[in-house]
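# Structure at a glance
Residues per chain are reported as follows:
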Amino acid sequence: MFLPPTFLSKMEKLLPKDEIEDLKTAIDTHLRKSIRVNTLRGEIKEVKESLINQGFTLENMPWYKYGFFISNDKKLRIGNTFEHYLGKIYVQEASSMLPVIALDPKEDDFILDLAAAPGSKTTQLAMHMNNTGLIVANEPQIQRISALQENIDRSGCINYIITRNDGRKFSQFKDMFDKVLLDAPCSGEGTFQKDIKARYIWSQNKVIQDSRLQKQLIESAIIACKPGGTIIYSTCTLSPEEDEEIIDYALNKYNNIKLGKITFDGLQTSSGNIEYNGKEYNKEIKKVIKVWPHKAKIEGFFIAKIIKK
Amino acid sequence: MASQSKDRRVFHSQDYQEIKEYEELNGKQKKIFIKYLSEVYGIDQTFMCEFVFLKRGKDIWITTKATKNILGFSRSLKINSIGMRAIRNAFDVPKITTNFAILLNNKITKNYYNITEKELENYTHGYDIDITDGQKYKNYLILKYNNDVFGVGVIIENKIKNQIPKGRVLKNSLTEIEDVDDD
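Parameters at a glance
- Residues numbered from 1 in each chain as written.
- Chains lettered and ligands numbered in written order.
- Predicted model: local features only at pLDDT ≥ 70, side-chain atom pairs only at ≥ 80, totals over all residues.
- Heavy atoms only, no water.
- Axes fitted to C-alpha atoms, helices over the stretch in contact; angles between N-to-C directions.
- Helix = DSSP H or I, 4+ residues; strand = E, 2+ residues; numbered from the N terminus.
- Parallel < 35°, antiparallel > 145°, perpendicular 65-115°, else oblique.
- Left-handed = near helix turned anticlockwise from the far one by under 90°.
- Contact = heavy atoms within 4.5 Å.
- Nonpolar A, V, L, I, M, F, W, Y, C, P; charged D, E, K, R; others polar.
- Pairing = 2+ DSSP bridges.
- Buried area = accessible area lost by both parts, 1.4 Å probe.
- Salt bridge = Lys/Arg side-chain N within 4 Å of Asp/Glu carboxyl O.
- Phe/Tyr/Trp six-rings, centres within 6.5 Å; stacked < 30°, edge-to-face > 60°.
- Buried < 20%, exposed > 50% of the residue type's maximum accessible area, 1.4 Å probe, protein only.
- Lys NZ or Arg CZ within 6 Å of the ring centre and 35° of its normal.

With that settled, consider the packing of helix H9 (residues 204-224) of chain A against helix H10 (residues 244-253) of chain A. All names here are of chain A. Close contact between H9 and H10 brings their axes to 10 Å; oriented N to C, the two are set at 45°. Judged by the inter-axis angle, H9 sits oblique to H10. In this structure, H9 crosses over H10, and the sense of that crossing is right-handed. Here H9 contributes Ser211, Gln214, Lys215, Ile218, Glu219 and Ile222 to the contact with H10, which in turn contributes Glu245, Ile246, Ile247, Tyr249, Ala250 and Lys253. The class makeup of the residues in the contact of H9 with H10 is 6 nonpolar, 2 polar and 4 charged.

What follows is the structure, given as structure tokens:
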């Protein structure tokens, strides 16, 4: 198994020695496939029964009633079922469902999804909002828009606008949105488990570049959110430069924000690191959540909940 | 010969103006549109009043009332789309989209065809369906199996021509394609 040496030496600074082997083993283990039942299109009970009848085994995620780990002995493809065709299910990684759960969208909310493609979280937001209110689903990369549009349409969502802007532009819309989701573009260390190519593309330079952009995007998110509103910052990566450091930067720059607590029943998560590589971060950062693949048995992830005062 | 005809259009083509930006249907246009959906597909008119309808080009889009609040500020953004495309070509030969038909599902009480299990297999894999009573149906026909709308077809003589968007067509068997939604 190849893992970038620089990545491993970084992880050695974050985890106790005995956990490094566990992390390596977890990254090399087959990732459990998961789906979300889309209640805009189907009922949990009906979808579950139908998939079981077709030979699938479903295991409910303890922290999310709409999320299921799915498997089968016959190598059936969930993407080729009528449930998928009709948008009753969405193939979505378990970790990828967490930011929306933490954001807690409600009917009639006005939500900004700053980096929306390919749409797993946008469609999850729409489902929780019961197709009411409005989501501004922004995606700056034109080549990713068609996948976003297709996924949103197949999921039966109508409460959205797709915009094609640099996410930094949203700093022009001060105090506009009830909630903001920033699932930031990142170096994707959390995806090493399923995407071997990502291990070869990864570099510390990319981490630093992403970190710079993430700081600018989080500023946009904070400015665009209404006072009293919530911002979720998440990445599918584990490097503190893209995670804790971004939140530390925001806490130092804006005195009108604080961090909120996040919990997921039955999911083993860790709190954020308040020290890394000689840097000391704001103590509030203990409230953010890190999902380690060897502990949680799902993809690596980072989530912070920011409340604008 | 196709059974749909220009007299079934939603709006008169002389009312068509090139619209590059989204624009909400005015009261009169909304009434005509809701009446069209009621007459052709049996959609309850009060149900449709809950939504906002926009036009861009010759197409009609459906979205939520909350969209109205931001149509002003959104001018400074590059908009790709607003809501779901409901009808294509509303000023000529209107075509209900697969996504809108699936969204409406059991609200559709007219102009639908119940397909058999075998026909469903063929249809979702991109094939046409042979029928014997094509003259009974108007315009674009809704295809239902059990309680679900699976899509739209157009009657050409005694054939329902498949209208499923290419990306949505199922592959040959349950085991042949990768699962791809996620990021």
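Additional details are given in the paragraphs that follow.
Residue and element names in this part refer to chain B. Here we have 5 strands laid out as an open sheet, ordered E7-E9-E10-E11-E8, and mixed in their pairing. A single partner strand is all that each edge strand has here, and the edge strands are strand E7 (112-114) and strand E8 (129-130). In this structure, strand E10 (residues 148-156) lies alongside strand E11 (residues 159-162), joined through 4 bridges in antiparallel fashion. Its bridge partner being in E11, Ile155 is matched across the sheet by Ile160. Sheet contacts for helix H4 (residues 117-124): E7, E8, strand E9 (140-145), E10 and E11; angle to E10, the most-contacted strand, approximately 80°.

The interface of chain A with chain B comprises 54 residues on the first partner and 42 residues on the second. Taken together, both faces of the contact between chain A and chain B bury some 4,100 Å²; the carbon and sulfur share is 56%. If you sort the residues of chain A by the area they bury against chain B, Asn80(A), Tyr85(A) and Ile158(A) come out on top, with a joint share of 21%. Taken together, the connections running from chain A to chain B amount to 1 salt bridge. With a closest N to O distance of 2.9 Å, Lys88(A) and Asp148(B) form a salt bridge.

Let us now look at unusual backbone geometry. Going from Ala117(A) to Pro118(A), the amide bond is cis rather than trans, its omega being 5°. Following the sequence through the fold, Pro118(A) ends up in the loop between strand E5 (110-113) and helix H6 (120-128). Although it is not a glycine, Asn89(B) adopts a positive phi angle of roughly 60°. Tracing the chain through its elements places Asn89(B) in the loop between strand E5 (84-88) and strand E6 (95-96). One non-glycine residue, Asn111(B), lies in positive phi territory at about 60°. The residue Asn111(B) is located in the loop between helix H3 (98-104) and E7 in this model.

With that settled, the discussion passes to the packing of aromatic side chains. In this structure the tally under the stated criterion is 14 aromatic pairs over all chains. For the ring pair Phe2(A) and Tyr200(A), a centre distance of 4.6 Å and an interplane angle of 15° mean the geometry is stacked. Note that Phe2(A) is positioned in the segment before helix H1 (5-14) and Tyr200(A) in helix H8 (residues 196-201), a separation of 198 residues in sequence. By relative accessible area, Phe2(A) is classed as partly exposed at 33%. Ring centres of Phe7(A) and Phe192(A) lie 5.0 Å apart, and the angle between their planes is 75°; this geometry places the pair in the edge-to-face category. Of this pair, Phe7(A) sits in helix H1 while Phe192(A) sits in the loop between strand E8 (177-183) and H8, and the two are 185 residues apart along the sequence. An aromatic cluster of three or more residues is present, and its members are Phe82(A), Tyr85(A), Tyr145(B) and Phe150(B). Over the face of the ring belonging to Tyr112(B) we find Lys144(B), whose NZ or CZ atom lies 4.3 Å from the ring centre.

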